[in-house]
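Observations on chain architecture
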Amino acid sequence: MLAENLALLRNIRGMTQEEVAEVIGISRQSYSKWEQGETIPDIEKCDRLAKFYGVSIDALVHQDEEVGKARVAPAPMGKHLWGTVAMGAKGQIVIPKAARDTFRLSEGDRLVVLGDEEQGIALIKAETFEERMQTALRAGQRSNE
């Protein structure tokens with residue numbers, strides 16, 4: 001998992017092994033061995049790598065998520081990938097338990113469904129959305145005065 005995650009994260013950044021190795025303070029050969037799974041970095045180097053890539057050490061070392069048949073790189077801190085869900089005949093989906101727990105969602109909560117034709121669909125708690133809209137409206141009113 002670590003080797004694949006290192007390669008994915010480096011490629012997402014569009015960097016060479018040599019460039020990442022320089023940032024971490026190691027040789028390109030050492031980094032190459034990590035990506036090949038021949039050796040593993042010590043905890044200090046894992047910490048540097050995780051900070052550089054903006055992920056947790058746990059995600060860097062353990063995450064092995066896939067969407068369909070595509071391997072997915074560890075998500076940045078504060079971002080999540082909970083896998084895929086199937087849509088029912090009437091458009092219903094089941095939000096994964098880990099997502100419900102993280103966002104403190106429970107039965108009866110209202111969600112606003114937002115959409116961007118290029119980016120996709122997003123859900124936000126209705127109360128949070130309404131608060132943000134009220135804040136934006138008040139800010140707009142103050143700027144008009």
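Each chain has its residues counted from 1, following the order in which its sequence is written. Local features in this predicted model are restricted to residues whose pLDDT is 70 or higher, and side-chain atom pairs enter the listing and the counts only when it is 80 or higher, whereas totals over whole chains, interfaces and linings include all residues. As a convention, hydrogens and water are excluded, and side-chain values are obtained from all of the structure's heavy atoms.

1. Observations concerning the pairing of strand β3 (residues 111-116)
- For β3 and strand β4 (residues 120-125), the ladder comprises six bridges, and the chain directions are antiparallel. Each bridged residue has a counterpart across the sheet, and for L114 the counterpart in β4 is A122.
- Any two strands between which DSSP finds at least two bridges are classified as paired. Per the convention used, a helix needs a DSSP run of H or I reaching at least four residues, while a strand needs a run of E reaching at least two, with both numbered from the N terminus. Hairpin geometry of β3 and β4 is characterised by an intervening segment of three residues between the two adjacent antiparallel strands.

2. Quick word on unusual backbone geometry
- Even without being a glycine, R104 presents a positive backbone phi close to 50 degrees.
- Topologically, R104 is positioned in the loop between α6 (97-102) and β3.

3. Section: the layout of surface pockets
- Using protein atoms alone on a 1 Å grid, points that fit a 1.4 Å probe yet trap it form a cavity, whereas open point sets bounded by protein on both sides within 12 Å along at least five of seven lines form a pocket; residues with an atom within 4 Å of a point count as lining. Grid points are joined across faces, edges and corners, and a volume is the space filled by probe spheres set on the points. Roughly 820 Å³ of internal volume is contained in the largest pocket.
- Taken together, 20 residues line the largest pocket, and the ones lying closest to its centre are W82, I95, I121, A122 and L123.
- Broken down by element, the residue count for the lining of the largest pocket peaks at five residues, all from β4.
- Charged residues are taken to be Asp, Glu, Lys and Arg, nonpolar residues to be Ala, Val, Leu, Ile, Met, Phe, Trp, Tyr, Cys and Pro, and polar residues to be all remaining types, Gly included. Among the residues making up the lining of the largest pocket, the classes are represented as 15 nonpolar, four polar and one charged.
- Of the volumes computed, that of the second largest pocket is approximately 160 Å³.
- Forming the boundary of the second largest pocket are 12 residues, of which A59, Q63, A75, K79 and L81 lie nearest the centre.

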